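Chain residues, written in single-letter form:
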Amino acid sequence: MDNAGSTSRAMSADRACTEITLPQASSAQTPPAAQNDGIEGNAEVVSTPQAPRADMRFDTLEDAQRHYLAFARRRGFGIRYNYRKKSEVTGEYIRAAMVCHKAGHQAKEKEDTQKPKPVVPERMKCSNIRTDCPARMALKVRDGTWLVTEFCDDHNHNHPLLKKWSLTGFLRSHRDIPEEDQEFIKILHTVNMETSRMMQVMATLYESVEGVPYTPKDMANFRSKLRAENKYIDMQNTMAYFEDLKSRDKDFYYRYKLDDEDRVQYLFWVDSAARKAYKNYNDCISFDATYMTNKYKMPFAPFIGINNHGQSIQLGCGFLKNELNQDGSMHAGIEKMFPNTTHRNCRWHIVDKATEEIGPFVAKIPGLREEMNDCINCSLTPQEFETRWNLMIQKYNVQNHEKIAALYQKRNSWVPAYFMQKFYPFLQTTQRSEGFNAVLKKYISPANSVLEFVLQYADIQAKIMKAEKKEEADSSLLTARSWSWHPIEKQMEKLYTKKHTRPLSVRNVVHHVLQHKAGS
């Protein structure tokens, strides 16, 4: 029977054909007869397919399984394979037996005398207790078809059967993710949709939550299986993808390094669009290695720039073995590769970490916190900051505090007074890259493989490029509404993009010019 499950052919021993109408392969989520589900204690009225018999034949073992599944669900029990035997000559199955899910004996747990008992009692888990149920169907291959050689079911179950159709769908054998659903779930998985949201989508397609033939746990297990499939070939697939990109994009570049155990120590890549953008917008770059780690515990490190429309753009990306943060290796690398660059650390991260380390100590000294914040935030020159800091530590007698001294040693990389004469457009801390990270979290999960991460990163790049083209079109086609009579407004329209010639921006510039003239 095909996956849509309209009919399955059953043949008797004398080869006479009988057509038996069966439910869908996904175990027919809607019973074919009226239900009485709303009244507690009443069984739902459903039709039962023909019971298997000892002379019944099926084209394939899968057809036999689907038939027995449909019969078992109508009766209120689940099934599983007891055994499947392959031919030593052909390697194909020639014998099989399917039994009730309660068949067999309950396995007894052996106590490990060498393993110490846990201090905290283990959580009690519910389990399916086997009752040695005799219900079974045995088959073997004969004359190219599968012949039922034994069927035992006629009121032989030694356990209660589920009477409600809606409850039988929770038995493991009747929870099935059809192939077409699997393909659709793979698409949703690649765009980082949460499992709960996926179930909402499938419930809409099936027109009800009850109609979905699997549970959220089944879907989560399927997604885990998808991740596990590429676990050991993830990097090989990623390198193959990079090589394919390189063959189609001559400016695509990637580089990686392995450690002594052939594990990836770092991985960087950049495409032609990012390299082209860097040539035009390289005056201010944000690099943040604190965003997130992938499934291999490698921090993700994006290079974020700003284009002439004020938009965040991707200038490159990488995975690192360890998070750099503000350590010496990051300083050394920037000094070597960007000798004419001013390196500014994120003040927010430094102050946040300092609060954890010295917060309780500072809180015990009245006035120290307020004066320290005022010294950091309100000093206008390095000389002013250093003078005020030295007076502060003497006043509160904290000269010998190690953590406070460490903050002062790194002052020229994070205190605002040291950057008053530097141009940092739209950047006060790393909110630009952190804003990009927020976007990235919608597309990528830490559980994703490296290849999935790279593919989603490419999709984000495409989205950024489209948004940039939209701004370019607006700048070419639209004209900003005039706010004043001043000639400088006309000049701004020629020099700036439309985003920066909006009324508020123009108003600020004109107001500044007029004030300057009035003062002179």
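Because the structure is a prediction, the values reported are computed rather than measured.

Assigned secondary structure in the chain consists of 16 helices and twelve strands. Here the chain, with 520 residues, has 39% of them falling under the buried criterion. In the chain, the share of contacts with a sequence separation of at least 24, taken over all contacts with a separation of at least 6, comes to 60%. With the model as given, the accessible surface of the chain reaches about 31900 Å², and the carbon-plus-sulfur share is 52%.

Strand order across the open sheet formed by five strands is β8-β9-β12-β11-β10, with antiparallel pairing between neighbours. Each having just a single partner strand, β8 (253-258) and β10 (286-287) make up the two edges of the open sheet. As judged from the two bridges shared by β10 and strand β11 (residues 300-306), these two strands associate in the antiparallel manner. Residue pairing in the sheet places Ser286 in a bridge with Ile304 of β11. Of the strands in this sheet, β8, β9 (264-270) and β12 (312-320) are in contact with helix α7 (residues 272-280), which crosses β12 at around 120°.

Here helix α11 (residues 382-395) spans 20 Å end to end across 14 residues, near enough to the 20 Å set by a 1.5 Å rise per residue. Those residues of α11 hidden inside the fold are in contact with α10 (368-378) and α12 (402-409). Count one or two residues on from α11 and you reach Asn397, which has phi positive near 55°.

Turning our eyes to something else, we now look at a nonpolar patch on the surface. On the surface, Tyr278, Ile285, Met337 and Phe338 cluster together into a nonpolar patch covering about 370 Å² of accessible area. Mapped onto the secondary structure, Met337 falls in helix α8 (residues 328-337). Taking the relative accessible area as the measure of exposure, Met337 reaches 58% and is therefore exposed.

On to the packing of aromatic side chains. In the structure shown here, the tally under the stated rule is 20 aromatic pairs. Each ring, one from Phe242 and one from Phe252, has its centre 5.4 Å from the other, and the planes form 45°; the classification is tilted. Here Phe242 is found in helix α6 (residues 234-248), whereas its partner Phe252 is found in the loop between α6 and β8, with ten residues between them in sequence. Residue class for Phe252 comes out buried when judged on its relative accessible area of 4%. Ring centres 6.3 Å apart and planes at 20° place the aromatic pair Phe385 and Tyr408 in the stacked group. With Phe385 in helix α11 and Tyr408 in helix α12, this pair connects stretches of sequence that are 23 residues apart. Residue Phe385 is classed as buried on the basis of its relative accessible area, which comes to 0%. Three or more aromatic residues link up through ring pairs in this structure, and these residues are Tyr241, Phe242, Phe252, Tyr254, Tyr256, Trp269, Phe300, Phe319, Phe453 and Tyr457. A cation over an aromatic ring shows up here: Lys86 above the ring of Tyr93, its NZ or CZ 5.2 Å from the ring centre. The cationic tip of Arg411 hangs over the ring face of Tyr408; the distance from NZ or CZ to the ring centre is 4.1 Å.

Pairing of strand β4 (residues 79-86) with strand β5 (residues 93-100) involves seven bridges; the strand directions are antiparallel. If you follow Arg80 over to β5, its bridge partner there is Val99. Direction of pairing for β5 relative to strand β6 (residues 136-142): antiparallel, over a ladder of five bridges. Across the sheet, residue Ala96 finds its bridge partner in β6, namely Leu139.

Negative phi is the rule for most residues except glycine; trans is the rule for most peptide bonds. With a phi angle near 70°, Glu207 is a residue other than glycine that sits in the positive phi range. Note on placement: Glu207 falls in the loop between α4 (195-205) and α5 (216-229). A residue is classified by how much of its surface remains accessible, and Glu207, at 74% relative accessible area, is exposed. The backbone phi angle of Asn397 is positive, close to 55°, even though this residue is not glycine. Tracing the backbone shows Asn397 in the loop between α11 and α12.

The next thing to look at is the nonpolar core. Here is a general trend for soluble globular proteins: nonpolar side chains tend to be buried in one another's company. Grouped together as the largest cluster of nonpolar side chains are 27 residues, with contacts concentrated most on Phe242, Leu267, Trp269, Phe300 and Phe319. Where this core is concerned, the elements lending two or more residues are α6, β9, β12, α13 (431-443) and α14 (450-477). A per-element tally of this core places α14 first, with seven residues. Discounting residues that sit within four places of it in the chain, Phe242 has contacts with Phe252, Tyr254, Leu267, Trp269 and Val454. With 24 residues, the next largest nonpolar core counts Cys284, Ala354, Trp389 and Trp414 among its residues.

What follows concerns the pattern of salt bridges. A full pass over the atoms with the stated rule returns 13 salt bridges. The salt bridge partner of Glu150 is Arg136, with a shortest N-O separation of 3.3 Å. You can see Glu150 sitting in strand β7 (residues 145-152) and its partner Arg136 sitting in strand β6, a full 14 residues away along the chain. Using a relative accessible area of 35% as the deciding quantity, one classes Glu150 as partly exposed. Here the residues in one salt-bridge network are Asp374, Glu384 and Arg388, joined through shared partners.

Attention shifts here to the environment of Ser449. Inspection of the secondary structure assignment puts Ser449 in the loop between α13 and α14. Classification of Ser449 as buried rests on a relative accessible area of 8%. Between the C-alpha atom of Ser449 and that of Ala228, which follows or precedes it by 221 residues, the distance is 9.3 Å.

Below, the discussion takes up the confidence of the model for the chain. Averaged over every residue, the pLDDT of the chain is 79; the share at 70 or more is 76%. For residues 1-45, every residue scores under 50 in pLDDT, and the model assigns this stretch 102 contacts once sequence neighbours within four places are set aside.

Criteria and thresholds
- Residues numbered from 1 in each chain as written.
- Predicted model: local features only at pLDDT ≥ 70, side-chain atom pairs only at ≥ 80, totals over all residues.
- Heavy atoms only, no water.
- Helix = DSSP H or I, 4+ residues; strand = E, 2+ residues; numbered from the N terminus.
- Buried < 20%, exposed > 50% of the residue type's maximum accessible area, 1.4 Å probe, protein only.
- Contact = heavy atoms within 4.5 Å.
- Areas by Shrake-Rupley, 256 points an atom, 1.4 Å probe, with all protein chains shown as cover.
- Pairing = 2+ DSSP bridges.
- Axes fitted to C-alpha atoms, helices over the stretch in contact; angles between N-to-C directions.
- Expected span 1.5 Å × (residues − 1).
- Patch = residues over 30% accessible without salt bridge, like charges linked within 9 Å, V, L, I, M, F, W, Y side chains within 5 Å.
- Salt bridge = Lys/Arg side-chain N within 4 Å of Asp/Glu carboxyl O.
- Phe/Tyr/Trp six-rings, centres within 6.5 Å; stacked < 30°, edge-to-face > 60°.
- Lys NZ or Arg CZ within 6 Å of the ring centre and 35° of its normal.
- Core = buried A, V, L, I, M, F, W, Y, C linked by side-chain atoms within 4.5 Å.
- pLDDT = per-residue confidence, 0-100.

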